[in-house]
Structures are given as structure tokens and as C-alpha cells.
Amino acid sequence: MSILVTGGAGYIGSHTCVELLNAGNEIIVLDNLSNSKPEALDRIKEITGKDFEFYQADLLNKNELMTIFSENKIDAVIHFAGLKAVGESVSIPLHYYHNNITGTLILCEVMEKFGVYNLVFSSSATVYGLQQCVPLHEELPTGATNPYGRTKLMIEEILRDVHVANNKWSIALLRYFNPVGAHSSGRIGEDPNGIPNNLVPYITQVTVGKLPKLKVFGNDYPTEDGTGVRDYIHVVDLAAGHLMALEKVMDSQGVNAYNLGTGIGYSVLEMIDAFERASGNSIPYEIIDRRPGDIGVSYADSSKAKQELNWVAQKGIDDMCRDSWRWQINNPNGYEKDQVKRKISVT
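Everything numeric here is computed off the predicted structure, so don't read it as measured data.

Chemist: Can you explain the sheet that holds strand β4 (residues 76-79)? Please cite residues and give values.
Modeler: Across the sheet, seven strands lie side by side as β3-β2-β1-β4-β5-β6-β11; this open sheet has parallel pairing. Since the sheet does not close on itself, it has two edges, and those belong to β3 (53-56) and β11 (254-260), each with one partner. Averaged over all pairs of adjacent strands, the angle between strand axes in this sheet comes to 15 degrees, irrespective of strand direction. Helix-sheet contacts for helix α5 (residues 93-113) involve β1 (2-6), β4 and β5 (118-124), and the interaxial angle to β4 is about 175 degrees. The sheet contacts of helix α6 (residues 147-165) involve β5, β6 (170-176) and β11, and relative to β5 the element is tilted by about 155 degrees.

Chemist: So, the confidence of the model for the protein: which residues are in play, and what are the values?
Modeler: With 97% of its residues at a pLDDT of 70 or more, the protein has an overall mean of 94. Residue range residues 338-347 is modelled with pLDDT below 50. Its contacts to residues more than four positions away, or to other chains, number 20 contacts.

Chemist: Outline α6, listing residues and values.
Modeler: For α6, built from 19 residues, the straight-helix expectation of 27 Å at 1.5 Å per residue is met to within 8% by its first-to-last C-alpha distance of 27 Å. The inward-facing, buried residues of α6 contact α4 (86-91), α5, β5, β6 and β11. Two to three positions downstream of the cap, the backbone nitrogen of Tyr148 sits 3.2 Å from a side-chain oxygen, assigning the N-cap of α6 to Asn146.

Conventions and cut-offs
- Residues numbered from 1 in each chain as written.
- Predicted model: local features only at pLDDT ≥ 70, side-chain atom pairs only at ≥ 80, totals over all residues.
- Heavy atoms only, no water.
- Pairing = 2+ DSSP bridges.
- Helix = DSSP H or I, 4+ residues; strand = E, 2+ residues; numbered from the N terminus.
- Axes fitted to C-alpha atoms, helices over the stretch in contact; angles between N-to-C directions.
- Contact = heavy atoms within 4.5 Å.
- pLDDT = per-residue confidence, 0-100.
- Expected span 1.5 Å × (residues − 1).
- Polar contact = N/O pair within 3.5 Å; in protein donor to acceptor, adjacent residues only side chain to side chain.

Below, the structure written as C-alpha cells:
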């Protein structure tokens, strides 16, 4: 099977490419490299021992996308490409709406033109907004609270409308919780631009000495230790979920949403403790005020994914922290060092 992976050089995309190749699929990777590094593609080849086509292209350029579809036989698309920082989305909402939504519209138009109707979409648990009940399940009302989350929710709604208009479409909407960790080889992992937006890469950069200390947003939530509780999922488990969703869309029609999480919530202080165990280092932190809009507890009900995709997360908190630390200690500057040495050739 030949799969187009948009945003395949990114954090979740690169790990999914590894799983796809190891499962015997052919892949074509599209990425504009705005929030990823070409070195990740070399390392995917290194880990798997397999080659693949790569196009440095942008979904907003319809002609480039038409070329990719005309030059390759594509059976399905896994769609990761998009801007993803919540805080940045609040500052530049028009850029997020244009990039994420328009890019997806163009992708769907080209897919229809070439008769490709199988799609796995990278959505997010942010579509649930500020729910007060846990665990979160797929039947809850949606209502994102920031432009990034709204782009995910709007795209979900667009994809449902696309299927209503043409029932050949088969679409899985994967609502991720909090992806962390890295490939066990330590060769690919999360390499954020600038200061990380998420907890675990921030912890790893504090531990390796790139940042002075961790800021913990609030310790007065109604949780066991007062800090916020979230559902962290290992990125390799998440990648495996995409393969199971791909099998589902290839064998059925319709649109289905699936939570991908462990169903277990860990507090910020529990994550710090686990990372101290994994790294053997003490992690300095300070408690500061809550962030506006944050809720105390969020974790997934992933029973639908278990029942319909035969998917269950396998890795626990110690695996997540150990693999995150292995990636960080082996790549203190992310992909930057190797990227200077050798550049991957791009189509």
C-alpha cells in the first residue's frame, strides 16, 4: 500500500513513517519544513533501512500537490501537516486559519480529483474545549477555546460534510491527548523551534541545561498534589494508532472520531518525579500562577479505539520519560548538529 504522509518530517509524522515502513508500506512524504528538519528524514531511512520519496512542498500550493499525485499512485493519505502552537495561534489567528483549513481544503480537492478517498486526519483533544467531566469520550459536545483547536474542529466538520456529499470517503479523525517520548533508538524525537510549548520537552531541556528551570502553572487545582493532570501518550503508541486507523479506513466508509490516549492522568509533579528517575537528575522548578483557560484534569476514554481499531496504548510513564531523555541526551541541540554536517536531497 502506498501512503502519502503530509507533515511526515515532523514529530508525530516521523514516528508514524517508521511504523508504516516497518509494516511493509510504501510512503511518500510531503513537508514544507517550516516546523521540522530534513535530517529527520535521513534518520527514518537509517532506522528502517528503507527509502522513500520526499517532496519539499506546501499544501497551499495546489500545483505542487497535483504534481505529487500525478507522479505517484497513492492509496491513502495520513494528514499531519499544519501549524500547531496554541499560544501562537492566539497571536496570529488568520495565519492559522488560512494555513490549516485552506491547506486541508486543497488536499481534499486534489484527493477527489485523483480518486483517493481514504484519509486519516491528525486532530486533537483540544476540540473538547473546557470539559468538566472525565474521562473525555467521543460523544461529548465539542467547542475549542483557541484558534489552533478551532482549526482542528472546523476541519473535522468539513470532513464530515465532504463525506455527506460523496460517500466514497472513508475518514478517521484521531483526537490525540498529550504526545511525549521518542523512538527507542534515540535517533528521532521532538525538536521544537525555540522554547517548547509542551511540558515534557521543556523538562528535557531543563534537565540537559538548555533552560534554567521549569515553570509549573498553578498548584491549587482539585488534584492530589494541586498541579494539573493530563493524559500523556507515548509517540510510538500514537504512531501505531495511525496504522490501525489506516486499516479501518481502507476496509470501510464513513467518518469516525477516535480518542488516542492511555486513559491515565499524571500530574505535573508526577511527571517531574518520573523524569528525575529516568535521568538521574534533579529538575528545578517554580510554581507560578495558573494559565487562563487551563482546567485541572483531562484524560481520555479510548475504549472506542480499542473496540473498533483494536488499539491500546502499551507504554507507561517510565517508558515515556526514559525515551524522551535518551533522545535529548543524544541530541542536545535536536537535529541541528547533524543537519549542518549533511543535508538530505529533496525532490
